[in-house]
Amino acid sequence: MMQQAGYRVITMDARGYGETTAKWSDYSARAVGRDAVAVLKKLGAGSATILGNSFAAGSALWAAQDAPEQVNGVVLLGPIVRDLEVSFVQKLALGIGFAGPWRVGFWTMYWDSLFPTKKTADHIEVKAAITRNLREPARMDALRAMINLSKADTAAILEKTKVPALIVMGTKDPDFKDAAAEAHTLARKLNAETMIVEGAGHYPHTEMAEQVTPRILSFVRSLAGSGSKATLRVVA
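Please read these numbers as outputs of a predicted model, since none were measured by experiment. Going along each chain's sequence as written, the residues are numbered from 1 onward. Whole-chain, interface and lining totals are the exception, using all residues; otherwise, since this is a predicted model, local features are given only for residues with pLDDT of at least 70 and side-chain atom pairs are given and counted only at 80 or more. Here the side-chain values reflect all heavy atoms present in the structure, with hydrogen atoms and water set aside.

Trainee: Is there a simple way to explain the side chain of Lys151 in this structure?
Mentor: We count a stretch as a helix when DSSP gives it H or I for four or more residues in a row; a strand needs E for two or more, and each element gets its number in order from the N terminus. Note that Lys151 resides in the loop between α6 (139-148) and α7 (152-155). The buried label applies to any residue whose accessible area, calculated with a 1.4 Å probe on protein chains only, is under 20% of its type's maximum; exposed applies above 50%, and partly exposed to all values in between. When charges are tallied, Lys and Arg are placed among the positive residues and Asp and Glu among the negative ones, while His and the ends of the chain are skipped. What makes a salt bridge here is a side-chain nitrogen of Lys or Arg within 4 Å of a carboxyl oxygen of Asp or Glu, nothing more. Although buried, Lys151 forms no salt bridge, and the nearest oppositely charged side chain, Asp83, lies 5.0 Å from it. For the purposes of these results, a polar contact is taken to be a pair of N or O atoms within 3.5 Å, where, inside protein, one atom must be able to donate a hydrogen and its partner to accept one; residues adjacent in sequence count only when each atom of the pair is a side-chain atom. Polar side-chain contacts of Lys151 include one of 2.9 Å to the backbone oxygen of Leu149. Throughout, a residue-residue contact means that at least one pair of heavy atoms, one from each residue, lies within 4.5 Å. Look past the residues within four positions of Lys151 in its chain and what remains in contact with it is Phe55, Ile80, Val81, Arg82, Asp83 and Met146.

Trainee: Explanation requested: the pattern of salt bridges in the structure shown.
Mentor: For the structure on display, the rule yields eleven salt bridges. A salt bridge links Asp26 to Arg34; the nearest nitrogen and oxygen atoms lie 3.7 Å apart. Exposure remark for Asp26: the relative accessible area of 25% places this residue in the partly exposed category. Residues Asp141 and Arg103 are paired through a salt bridge, measuring 3.5 Å at the closest nitrogen-oxygen approach. Of this pair, Asp141 sits in helix α6 while Arg103 sits in helix α4 (residues 103-113), and the two are 38 residues apart along the sequence.

Trainee: It is not clear to me how the environment of Met109 should be interpreted in this structure. Could you clarify?
Mentor: Residue placement: Met109 occurs in helix α4. Assessed through its relative accessible area of 58%, Met109 is described here as exposed. Here the alpha-carbon distance between Met109 and Ser87, two residues 22 residues apart in the chain, equals 20 Å.

Structural data, given as structure tokens:
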């Protein structure tokens with residue numbers, strides 16, 4: 001729909017995933033944000049709106065912080081940009097889940113749970129692609145490195161962020177005790193707009209695309225004064 005609306009859509013894999021190299025010395029949100037800026041410059045995209053999901057939401061914020069001339073706004077989808085409280089049981093489950101040859105299956109089973117209300121039409125195909133990618137050497141190590149990173153550095157820049165922001169959060173996102181409360185907390189810090197999607201999980205933009213896409217388009221159109229006609233989606 002973004003392309004149909006006349007926008008240039010660029011998709012970028014975060015470090016360690018998809019078609020990127022698996023091994024990096026730095027998997028941080030700031031490093032991925034620098035990658036996003038480099039991609040925009042390389043493609044001559046000018047100022048763009050960056051969409052970041054989960055960990056990659058922090059990358060969108062860092063791109064705006066480090067290169068404000070390249071970023072006219074950010075859309076944060078199920079954003080994990082602060083250190084979350086993790087119980088002993090959760091830590092134990094993660095430790096066991098990543099400990100053996102079952103770890104790819106463990107992760108894809110968890111990924112399934114992030115769509116609590118409905119699966120997308122291509123869910124099986126996407127899951128198969130994720131499984132194939134994570135079975136490549138060092139991919140799971142990259143995933144674990146990203147999960148274990150503190151988000152404190154990103155949390156420290158929330159109130160310094162000046163670009164317009166939209167936060168989209170599903171009410172059933174299992175990564176948060178109270179997803180709506182997290183969205184509102186972040187909105188106060190970022191002076192951001194919010195969209196709370198009833199029944200959606202960690203990927204509200206795909207699970208409830210019919211609701212979320214028009215809201216994102218409306219937000220991007222509101223930035224038209226910047227002259228941007230590009231959006232960059234960082235996939236993590």
